[in-house]
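# Per-entry structural report
Spelled out from the first residue to the last, the chains are:
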Amino acid sequence: MGYSRYVRDEANIRKTFARRLRYLSRFIQPGRLLDVGCAAGFFLDEAQRLGWQVQGLDVSAFAAQYARERFGCDVRQGSLLDQDYAPESFDLISMWDVIEHVPDPKAYIQHSARLLRAGGLITLATPDVDSIPARLTGRRWVGYKLSEEHVYYFSIKTLSRMLDESGFEIVDVRHVGKYVTLRLFIDRLGMYVPPLANALALAERTLHLSERSLYINPLDIMAITARKR
C-alpha cells in the first residue's frame with residue numbers, strides 16, 4: 001500500500017520535499033541537518049541545494065548506498081539508537097513517515113533531543129489517527145491498511161505530549177499532503193469510492209494522464225515541528 005516504485009517517483013517526491021523545506025524556512029535557516037529515514041536521499045539533495053549541511057540515516061542498505069553514490073551524502077544504514085552522532089551536533093532533525101514504523105518512538109524522540117543543539121528543531125510527519133478522514137472511513141482508512149508496516153498510531157495530542165515530555169516546545173502543527181501521480185490518486189480513491197475511482201480511471205486511460213502530477217492533501221497526515229528547550 002506504500003510506494004511501489006519509490007526511485008521512479010523521484011520528481012513528485014522532490015516536489016513534496018521542496019514544498020516542506022520552503023515551509024520550514026519560516027522557522028530555521030540552513031545549518032546541520034540529519035534526515036532519519038532518508039530513503040534514496042531526495043530530501044537530502046533538496047536541502048543541500050538550499051545550503052544545508054546534510055547527513056542521512058536509513059534502515060535500508062539499498063537506500064543508504066543509493067543516496068551515498070548518487071548524491072555524495074554522508075548516509076549511514078541502521079537504527080538511530082545505534083548511531084554515535086555527537087551530542088548537540090545538529091540544527092534540524094527530520095523524520096518523514098518514520099515515527100510510526102519504529103518499535104520505540106519515544107526513544108527516537110529523546111535521542112533526537114540529545115543530538116540537537118539548544119533551540120534546534122525536530123520536524124515529523126505521520127498519519128493522524130484522530131483526523132476526520134480516519135474517523136469517517138474507520139477500518140477502510142489507508143493508515144490502517146498499512147498496518148503491517150505501522151507499529152504505532154498517533155494523534156496530534158499524543159505526539160505533542162511525547163515531544164513535550166522529551167524536552168520540546170511545539171512551534172507548528174498542520175496537515176500536509178504529497179505530490180502524486182493521477183494513477184496513484186485513483187488507486188487510493190478506489191479504497192473509499194470505487195464507482196468514482198472507476199470512472200476517473202477510464203478517463204485517465206482515455207486521455208493518457210496516468211503520470212500527471214497533482215498535490216493531494218486529504219488532511220490525515222500531520223506535520224509537527226518542535227523546538228528543543
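Here is a short report on the structure shown in this document. (Residues numbered from 1 in each chain as written. Predicted model: local features only at pLDDT ≥ 70, side-chain atom pairs only at ≥ 80, totals over all residues. Heavy atoms only, no water.)

## With respect to the side chain of Asp 45
On the secondary structure map, Asp 45 appears in helix H2 (residues 42–49). Ignoring any residue separated from it by four or fewer positions in sequence, one finds Asp 45 in contact with Arg 14 and Phe 71. (Helix = DSSP H or I, 4+ residues; strand = E, 2+ residues; numbered from the N terminus. Contact = heavy atoms within 4.5 Å.)

## Brief notes about empty space enclosed by the protein
Unfilled space is identified by rolling a water-sized probe across the atoms. If you walk through the whole model with that rule in mind, you get two cavities of 30 Å³ or more. There is about 50 Å³ of room inside the largest cavity. Taken together, Arg 20, Tyr 23, Leu 24, Trp 96, Thr 123, Asp 172, Arg 174, Val 176, Ala 223, Ile 224 and Thr 225 make up the full set of residues lining the largest cavity. Elements represented by at least two residues in the lining of the largest cavity include exactly helix H1 (10–24), strand E6 (168–175) and strand E9 (221–228). Volume-wise, the second largest cavity comes out at about 40 Å³. (1 Å grid on protein atoms, 1.4 Å probe; cavity = no way out; pocket = protein on both sides within 12 Å on 5 of 7 lines; lining within 4 Å. Points joined across faces, edges and corners; volume = space filled by probe spheres on them.)

## A short note on the packing of aromatic side chains
Two numbers describe a pair of aromatic rings. These are the distance of the centres and the angle of the planes. Inspection of every chain in the model, using the stated rule, returns eleven aromatic pairs. Between the aromatic rings of Tyr 85 and Phe 90, the centroid separation amounts to 5.5 Å while the plane-to-plane angle is 80 degrees, which identifies the pairing as edge-to-face. Since its relative accessible area comes to 8%, Tyr 85 is described here as buried. Assessed through its relative accessible area of 1%, Phe 90 is described here as buried. By the ring-pair criterion, three or more aromatic residues cluster together here, those being Phe 17, Phe 43 and Trp 96. (Phe/Tyr/Trp six-rings, centres within 6.5 Å; stacked < 30°, edge-to-face > 60°. Buried < 20%, exposed > 50% of the residue type's maximum accessible area, 1.4 Å probe, protein only.)

## Some remarks on the packing of H1 against H2
Relative placement of two packed helices is described by the angle separating their axes and the distance separating the axes. For the pair H1 and H2, interaxial distance at closest approach is 9 Å and the crossing angle is 50 degrees. It follows that H1 is oblique to H2 by the angle criterion. Along this stretch, H1 crosses H2, giving a crossing that reads as right-handed. Across the interface between the two elements, Glu 10, Ile 13, Arg 14, Phe 17, Ala 18 and Leu 21 of H1 pack against Phe 42, Phe 43, Asp 45, Glu 46, Ala 47 and Arg 49 of H2. (Axes fitted to C-alpha atoms, helices over the stretch in contact; angles between N-to-C directions. Parallel < 35°, antiparallel > 145°, perpendicular 65-115°, else oblique. Left-handed = near helix turned anticlockwise from the far one by under 90°.)

## Overview of H1
Spanning 15 residues, H1 covers 21 Å between terminal C-alpha atoms, matching the ideal 21 Å at 1.5 Å per step. In terms of burial, H1 is a largely internal element, eleven of the 15 residues being buried. Restricting attention to buried positions, one finds in H1 the residues Glu 10, Asn 12, Ile 13, Arg 14, Thr 16, Phe 17, Ala 18, Arg 20, Leu 21, Tyr 23 and Leu 24. (Expected span 1.5 Å × (residues − 1).)

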